[in-house]
Amino acid sequence: LKKLRYCIYVLQSLKDGNMYIGFSENLKQRLTDHFRGNSSATSPRRPFQLIFCEYFANKSDALRREEYFKLLREEEFGLNIEKLFSELQFHNLDDS
């Protein structure tokens, strides 16, 4: 059984309500960086809540999924992105 090593995640800013979509091979460390303001892309929009994460065994699959989510966010296809994420199944962070 192959370990699910690669993760895409979605953070929602509690300051402005906007979302951040990212990729990581170490989600706990990456979240710590975001929450402490160590990421220039997100530090002005803190605090955040993690609203979605999904693990993959294959890096290319994870990056494709991240790209898909970013495309949805940018083009929205007439969808409410918050509704999409709320309907997706959540994955336990402790399973990594």
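Just above, that's the structure.
It should be emphasised that the depicted structure is a prediction, and the values quoted were computed from it without experimental measurement. (Residues numbered from 1 in each chain as written. Predicted model: local features only at pLDDT ≥ 70, side-chain atom pairs only at ≥ 80, totals over all residues. Heavy atoms only, no water.)

Engineer: Just checking my understanding: could you explain the packing of aromatic side chains for this structure?
Structural biologist: Where two aromatic rings form a pair, the distance of their centres and the angle of their planes describe that pair. The tally for this structure, following the rule as stated, stands at four aromatic pairs. Between Tyr6 and Phe23, the ring centres sit 6.2 Å apart and the planes meet at 15 degrees, which makes this aromatic pair stacked. Highlighted residues: Tyr6 in strand β1 (residues 6-13) and Phe23 in strand β2 (residues 19-24), separated in sequence by 17 residues. You can call Tyr6 buried: its relative accessible area is 12%. On the numbers, 6.3 Å between centres and 45 degrees between planes, the contact of Tyr9 with Tyr20 is tilted. One end of the pair, Tyr9, is in strand β1; the other, Tyr20, is in strand β2, and eleven residues separate them in sequence. (Phe/Tyr/Trp six-rings, centres within 6.5 Å; stacked < 30°, edge-to-face > 60°. Helix = DSSP H or I, 4+ residues; strand = E, 2+ residues; numbered from the N terminus. Buried < 20%, exposed > 50% of the residue type's maximum accessible area, 1.4 Å probe, protein only.)

Engineer: Explain the pairing of strand β3 (residues 48-56) to me, please; I cannot follow it from the model alone.
Structural biologist: Within a regular strand, the side chains alternate between the two sheet faces. For β3, the buried fraction is high: seven of the nine residues fall into the buried class. With eight bridges connecting them, β1 and β3 associate as antiparallel partners. Paired with Ile8 across the strands is Glu54, a residue of β3. (Pairing = 2+ DSSP bridges.)

Engineer: Help me understand the pattern of salt bridges in this model?
Structural biologist: Between side chains of opposite charge, a pair can form as their charged atoms come close. In this structure the tally under the stated criterion is six salt bridges. Note that Lys59 and Glu25 form a salt bridge whose closest N and O atoms lie 3.8 Å from each other. Residue Lys59 is found in helix α2 (residues 59-75), and its partner Glu25 is found in the loop between β2 and α1 (27-36); the two are separated by 34 residues along the sequence. By relative accessible area, which is 37% here, Glu25 ends up partly exposed. Of the charged contacts in the structure, one is a salt bridge between Glu66 and Lys70, with a shortest N-O distance of 3.1 Å. Taken together, the residues Glu66 and Lys70, both in helix α2 and four residues apart, mark about one turn of the helix. (Salt bridge = Lys/Arg side-chain N within 4 Å of Asp/Glu carboxyl O.)

Engineer: Looking at this structure, how should I read the environment of Ile8?
Structural biologist: Within the secondary structure layout, Ile8 lies in strand β1. Overall, the relative accessible area of 0% leaves Ile8 in the buried class. Sequence separation between Ile8 and Glu25 is 17 residues, and the spatial gap between their C-alpha atoms is 8.8 Å. The contacts of Ile8, once residues within four sequence positions are left out, are Gly22, Phe23, Phe52, Cys53, Glu54, Phe56, Ala62, Arg65, Glu66 and Phe69. (Contact = heavy atoms within 4.5 Å.)

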